[in-house]
Amino acid sequence: MKKLMFAALCAMGLSAFADYSLLDNVKFVRPGEFKDNVVWGTNADGTKNVTFIQNGAQEVQIAADFDFSKFAGKDVEFVLVLDGENVVRGEFRGNPRPYQPIMTHFEMRFGEWATYRRNELSGDFPEGTFKDREFVLPFMMPKLGYNFGLMLYSNCESGKITFKKFYVREVAPYLDKYFKIPKDYKCKYTKDVLKYFDGKHKLRGIVAGQDFNEEDYKKMRGWGANLLRFWCNPDKLEKTDALLPIIEKLGFKVILAPTCPGGKGNRGGYELFRNEQLYKQYLAGMKKVAEHFKGDKRIFAIGLMNEPFQELRQGVEDKYFFLNVEYEAAKIIRSIDPTRVLVASATGGGSPNDYALSDMRPLPMDNVLYEMHFYYPMFCSHLGLFGNQPGPDVKYPGGKKRGTVWTKETLRECASWMDDFEKTYGAKIFVGEFSCMNWCPGSAQWLDDVCDILDERGYIWTFHDYGEYPGWNLEYRSDTKYTALKPGETGDRLEVMKKQWAKNPGEKPYKPQVPVEVSSPWKD
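First things first, this report covers the structure right here in the doc. The structure presented is a predicted model; accordingly, all values stated were derived computationally and were not measured. Chains are numbered independently. Their residues run from 1 in the order of the written sequence. Totals for whole chains, interfaces and linings use every residue, but because this is a predicted model, local features are given only for residues with pLDDT of at least 70 and side-chain atom pairs only at 80 or more, for both listing and counting. Where side-chain values are given, they derive from all heavy atoms of the structure, hydrogens and water being excluded.

## Section: the packing of aromatic side chains
Stage number 1. Any Phe, Tyr or Trp ring, taking Trp's six-membered ring, that has another such ring centre within 6.5 Å forms a pair; planes under 30 degrees apart are called stacked, those over 60 apart edge-to-face, and the others tilted. Under the defined criterion, the tally for this structure stands at 28 aromatic pairs.
Stage number 2. Note on phenylalanine 374 and tyrosine 376: the rings are 5.3 Å apart at their centroids and 80 degrees apart in plane angle, and the pair reads as edge-to-face.
Stage number 3. Each member of the aromatic cluster is reached from another via a ring pair, and the members are Phe212, Trp223, Phe434, Trp461, Phe463, Tyr466 and Trp501.
Stage number 4. Over the aromatic face of phenylalanine 179 sits the side chain of arginine 361, whose NZ or CZ is 5.9 Å from the ring centroid.
Stage number 5. Only when the NZ atom of a Lys or the CZ atom of an Arg is both within 6 Å of the ring centre and within 35 degrees of the ring normal do we say a charge sits over the ring. Seen from the ring of phenylalanine 197, lysine 428 lies directly overhead, with NZ or CZ sitting 5.5 Å from the centre.

## Things to note about the side chain of glutamate 77
Stage number 1. Mapped onto the fold, glutamate 77 is located in strand β8 (residues 75-88).
Stage number 2. Between N or O atoms, a polar contact is any pair within 3.5 Å; within protein, one atom must be a potential hydrogen donor and the other a potential acceptor, and residues adjacent in sequence are included only when both atoms are from side chains. Engagement of the side chain of glutamate 77 in a polar contact is seen with the side chain of arginine 169, the distance being 2.8 Å.
Stage number 3. By definition in these notes, contact holds between two residues if any of their heavy atoms fall within 4.5 Å. Excluding residues within four positions of it along the chain, glutamate 77 makes contact with Val136, Leu137, Tyr167, Val168, Arg169, Val171 and Tyr174. Strands here mean DSSP runs of E at least two residues long; helices mean DSSP runs of H or I at least four residues long; both are numbered from the N terminus.

## Structural notes on helix α4 (residues 276-292)
Stage number 1. A helix's residues, less one, multiplied by 1.5 Å, set its expected span. Here α4 is 17 residues long and its end C-alpha atoms lie 24 Å apart, about the 24 Å a rise of 1.5 Å per residue gives.
Stage number 2. Listing the buried residues of α4 in full gives Leu278, Tyr279, Tyr282, Leu283, Gly285, Met286, Val289 and Ala290. Along the axis of α4, the buried residues cluster in a sector spanning 155 degrees; they form a single face. Relative to its buried face, α4 has exposed residues pointing more than 90 degrees away, namely Gln277 and Lys280.
Stage number 3. Where α4 is buried, its residues contact α3 (237-250), β16 (253-258), β17 (299-303) and α6 (322-336).
Stage number 4. Between the side-chain oxygen of the N-cap and the backbone nitrogen of glutamine 277 there are 2.9 Å, and the N-cap of α4 in question is asparagine 275. To sort residues, take the accessible area from a 1.4 Å probe on protein chains only and compare it with the maximum for the residue type: under 20% means buried, over 50% means exposed, and anything in between is partly exposed. The arc under discussion is defined with respect to the helix axis, by the directions toward the C-beta atoms.

## Thoughts on the environment of lysine 503
Stage number 1. Note that lysine 503 resides in the segment after α12 (492-501).
Stage number 2. For lysine 503 and glycine 224, which are 279 residues apart along the polypeptide, the C-alpha to C-alpha distance reads 8.4 Å.
Stage number 3. Discounting chain neighbours no more than four positions away, the residues touching lysine 503 are Arg204, Asp452 and Asp455.
Stage number 4. Side chain to side chain, lysine 503 and aspartate 452 meet in a polar contact 3.3 Å long.

## Details of the sheet that holds strand β22 (residues 429-434)
Stage number 1. Taken together, eight strands build a closed barrel; the order of strands is β14-β15-β16-β17-β18-β19-β22-β23 and the barrel is parallel. Between one strand and the next, the sheet's axes are offset by a mean angle of 30 degrees, whatever the strand orientation.
Stage number 2. Angular values range over 0 to 180 degrees, each being the angle between N-to-C directions of two axes fitted as lines to C-alpha atoms, with helices fitted over their stretch in contact. Against the sheet, α6 makes contact with β17, β18 (341-345) and β19 (368-374), and its axis sits at roughly 170 degrees relative to β18, the strand it touches most. At least two bridges found by DSSP between two strands are what make those strands a pair.

Put into structure tokens, the structure is as follows:
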């Protein structure tokens, strides 16, 4: 697959006129390694254009600066006017998603590392020869004062694509059509919710679900976990009913995580965003959960959706937008169980950048927690998945990618991307998932550092997870893939988590055990 990329590394501003032309305000930082495949030109009206030549180059990058600062915190449209000459779209490789010939990535950077929010042109992008085709990409600008970037990315097989116009303009808030919140809105919480965020009642736990048994839950409680993020199927609540007396007796608090009907499609987002029947089935399932557990004190909270993975452009095109879907479910639950604590999630995986590069706002109701997942850097947390392969720079601490060396301070910086959402709205954060592959060198240290950081920030959290996948399972060895610990053995990752869970109120002091010696990482 042939790739061309135009990367504009920027800091952001609103000009005196409504449309701010990006191509006419370029200040070069470096020429780019494949500059011969990017040709700058001039339109008939004297404005600049740029042509990407798809002739076999795999990646072409041109770094430039723009002034966008006055767009911070605004909703905008990026408008592209394109000409094409003999364009062949080609096929997309890598992630299991439909082919995307044109994308823009908005990035947050520190050092040379960046995290992205993607907007794409996919099914509506033409092939062949065409002129003056306009495309609009919606975006919600973050407010944080980091270095920001904009990446214009062409991914066609062959031909020429000329970006005749590329400009940005402010628009009315996208999310207002779903629901509005006051300008100075602040989240509100009752004392019986806030107490679980302080030291005397702090919750630190693990992800599990209805497919485990009494012995499993006794083991988790024996490790010191006091909170469960508990997967349940709204159509099989009898399994949850059978376990709840055991879970209650053991002293766990429970955050239910109901599954969604239809699963996720090849874009990652739930099929219910596009399918009315599945959407209605989802709401019916949430109603069933609310009715079934109405007033049940064993349930601390009900989660609304796990990792929606629906970007704003998809939300504009799809039948339903994740945030409104969550809000509709929340209203149904509260109509049945008015005091029930709820957990809402941002787009994507609910990671810090999903709140900072946000298509998110708080729901206009009290006692709603906001779920964040933490998997940074993914070449460690997901080593062996999604193309992440081992190498001399794949380790923690000290792992390096794109110029950034990953340390506890780097992880702390990632977590700080929550500041804007937290401080603007006074939101309370539940970290529903975090983990690092057990065969990643230094994974135990990663877990230790992340737990420390989450505690520093006053979050409640659940480790991911108990038994779902061997790579994250605490009862597997760290020096080989998919090899369980023997009875009586313990691992370095398990010992770290037992130490962290020992901080929970009422737990006995941590007594370390000698873990299995790790001779070398990842031996298949």
